[in-house]
Structures are given as structure tokens and as C-alpha cells.
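# Examining the three-dimensional arrangement
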Amino acid sequence: NANEFFEITCIDQYPNQLEIFDRFGQLIYEQRNYDNSWNGLDTNGTAVTEGGYLWVLRIDLPNGGQRIYKGVVNLLR
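An account of the accompanying structure is given in this report.

What counts as what
Residues numbered from 1 in each chain as written. Predicted model: local features only at pLDDT ≥ 70, side-chain atom pairs only at ≥ 80, totals over all residues. Heavy atoms only, no water. Buried < 20%, exposed > 50% of the residue type's maximum accessible area, 1.4 Å probe, protein only. Helix = DSSP H or I, 4+ residues; strand = E, 2+ residues; numbered from the N terminus. Pairing = 2+ DSSP bridges.

### Here's the deal with the pairing of strand β1 (residues 16-21)
In terms of burial, β1 is largely enclosed, as 5 of its 6 residues are buried. Note that β1 and strand β3 (residues 51-60) share 6 bridges and pair antiparallel. Directly across from Glu 19, in β3, lies its bridge partner Val 56. Bridge count between β1 and strand β2 (residues 27-32): 5 bridges; the pairing is antiparallel. Note on β2: the bridge partner recorded for Leu 18 is Gln 31. Taken together, β1 and the strand that follows it, β2, pair antiparallel across an intervening segment of 5 residues, in which Gly 25 is found at a positive phi of about 85°.

This is the structure we're talking about:
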């Protein structure tokens with residue numbers, strides 16, 4: 001189904017790490033080499049509540065540098 005997972009296009013081009021934080025700044029999910037599989041569960045497999053979540057994506061570039069992207073994903077059930 002559409003919109004069942006948090007999807008980032010072209011994510012498989014570079015090594016990366018995704019972190020997702022709740023509104024209190026607590027890390028609720030992280031994955032090295034994110035594979036577009038986050039579906040609203042925390043790292044322990046527990047469903048998180050509806051609302052906005054901050055995501056931070058760190059991409060390791062071939063030249064040794066790093067690029068950081070940030071945004072908000074709104075979770076609706």
C-alpha cells in the first residue's frame with residue numbers, strides 16, 4: 001500500500017544512517033544503511049503514537065565527507 005513506509009528515494013546510492021526522534025528529542029528509531037522500511041515502530045518494535053517526528057539522515061560521501069538532511073514526517077494511523 002502507498003504511504004505505509006517512510007521512503008527516501010535514491011537511499012541505496014551511498015552508505016547512510018537514519019535517526020528518528022519524537023517531539024521530546026528522544027531517539028525512537030535508527031538504522032544504518034536505511035532500506036525504506038520504517039513503518040511507525042520504534043527500535044523495540046512498539047508502535048509509536050500519531051504525530052510529527054524529526055528525521056535526520058547522514059550520508060557518507062565517496063570523498064570522505066558527509067551530508068546531513070533533516071525533516072519532519074507526520075505519522076497517521
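So much for the structure itself; the text now carries on.
### Observations concerning unusual backbone geometry
Here Cys 10, not a glycine, exhibits a phi torsion of approximately 65°, which is positive. Structurally, the position occupied by Cys 10 is in the segment before β1.

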